[in-house]
Number of protein chains: 2
Amino acid sequence: MTEQNVIDKPEGYFTCPVRRTLSVVGGKWKLLIINELLVSPLRFNELKRRVGKISQRLLTAQLRALEEDGIVTREVKNIMPPHVEYRLTTQGQSISEVIEVLTTWGEKAIEQDTQQQ
Amino acid sequence: MTEQNVIDKPEGYFTCPVRRTLSVVGGKWKLLIINELLVSPLRFNELKRRVGKISQRLLTAQLRALEEDGIVTREVKNIMPPHVEYRLTTQGQSISEVIEVLTTWGEKAIEQDTQQQ
DNA sequence: CGGTATCCAATCAGATACTG
DNA sequence: CAGTATCTGATTGGATACCG
């Protein structure tokens, strides 16, 4: 187990629903990763390209954490060169509800940003 | 302007709704803070007590950031001892939509956690 | 009460090199 | 291609002291 795999389960994790959700999707990158995987399963480098400025090391760590939380699956095809595909589980797909609300709220905010200029 | 007041607006901030939302509510504490303020306006120490293990310094920094993003207002009553009240703006209250979905998702997850034992 | 300033430890995160 | 290992700098966050 690497250093990043130790997912901190914050206090109140079992009892507070908001904390429970944040323990899975919290952090800078996880929602962005899930957002990309909602469209289609992706290979490591393709995912990296789409998420943006994330480093290889960080992306690996985030994906391992999401795997451990049952959000994504990692399928390794034993060929050369390697082919690893990341895919949302059923649970992972259910996070689309969260993303939708974030999207709606963000769209409104952007609208207001542009009106103020 | 203190060090923590420099809010990093990530790349794609203006165009990607998810990133736009995360730039406001992302981070370990902001959603938990907003969650408490949704119930009622709170004074600094009361808020600190409810949010949990957050340090004074961090809470201050998060509140300043939320203020700068138009999510909370800070009202100082000039009496002794000081009385500072934090309150959600209309925009801040609109984040309740986000919190609701996080709550719903978290409740389901907790349900599944307990069934597996 | 509600902060700010300072110091320091822990953690995060990028760059680079290397590998099955 | 999809990682891991290592080193290093940046950032976060706690503890403490002090202040209006």
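All figures in this text were calculated on a predicted structure; none of them were measured in a lab.

Caption draft 1: Structural detail: the sheet that holds strand β2 (residues 72-77) of chain A. Residues and elements named next belong to chain A. Pairing is antiparallel in the open sheet, where three strands are placed in the order β1-β3-β2. A single partner strand is all that each edge strand has here, and the edge strands are β1 (42-43) and β2. Two strands pair when backbone bridges link them, and β2 and strand β3 (residues 83-88) are joined in this way by six bridges, in the antiparallel orientation. Bridging across to β3, valine 72 finds its partner in leucine 88. Along the sheet, helix α2 (residues 30-39) contacts β1, β2 and β3; its crossing angle with β3, the most-contacted strand, is approximately 95 degrees.

Caption draft 2: Fine view of the protein's contact with DNA strand D. In the neighbourhood of DNA strand D, 17 residues make up the surrounding shell, with A:Arg43, A:Gln56, A:Arg74, A:Tyr86 and B:Arg57 lying closest. Sugar plus phosphate, as a fraction of atoms of DNA strand D within 4 Å of the protein: 57%. Between A:Asn45 and DNA strand D, the recorded distance is 3.1 Å, taken from a backbone N or O atom to a phosphate oxygen. One of the backbone nitrogen or oxygen atoms of A:Pro82 is found 3.3 Å away from a sugar or linking oxygen of DNA strand D. The set of elements that each furnish at least two residues to the surface near DNA strand D consists of α3 (44-51), α4 (56-68) and β3 of chain A together with α4 (56-68) of chain B. Per-element accounting of the surface near DNA strand D gives the leading share, four residues, to α4(A). Grouping the constituent residues of the surface near DNA strand D by class yields seven nonpolar, four polar and six charged.

Caption draft 3: Layout of the packing of helix α6 (residues 96-115) of chain A against helix α1 (residues 17-25) of chain B. As a packed pair, α6(A) and α1(B) sit with axes 7 Å apart at the nearest point and diverge in direction by 85 degrees. By the angle between their axes, α6(A) is roughly perpendicular relative to α1(B). Residues A:Ile99, A:Leu102, A:Thr103, A:Trp105, A:Gly106, A:Glu107, A:Ala109, A:Ile110 and A:Asp113 of α6(A) touch α1(B), and the partners they reach there are B:Pro17, B:Val18, B:Arg20, B:Thr21, B:Leu22 and B:Val24. Of the residues belonging to the contact of α6(A) with α1(B), the class tally is nine nonpolar, three polar and three charged.

Criteria and thresholds
Residues numbered from 1 in each chain as written. Chains lettered and ligands numbered in written order. Predicted model: local features only at pLDDT ≥ 70, side-chain atom pairs only at ≥ 80, totals over all residues. Heavy atoms only, no water. Pairing = 2+ DSSP bridges. Helix = DSSP H or I, 4+ residues; strand = E, 2+ residues; numbered from the N terminus. Contact = heavy atoms within 4.5 Å. Axes fitted to C-alpha atoms, helices over the stretch in contact; angles between N-to-C directions. Near = heavy atom within 4 Å. Polar contact = N/O pair within 3.5 Å; in protein donor to acceptor, adjacent residues only side chain to side chain. Nonpolar A, V, L, I, M, F, W, Y, C, P; charged D, E, K, R; others polar. Parallel < 35°, antiparallel > 145°, perpendicular 65-115°, else oblique.

That is the geometry; function is a separate question.
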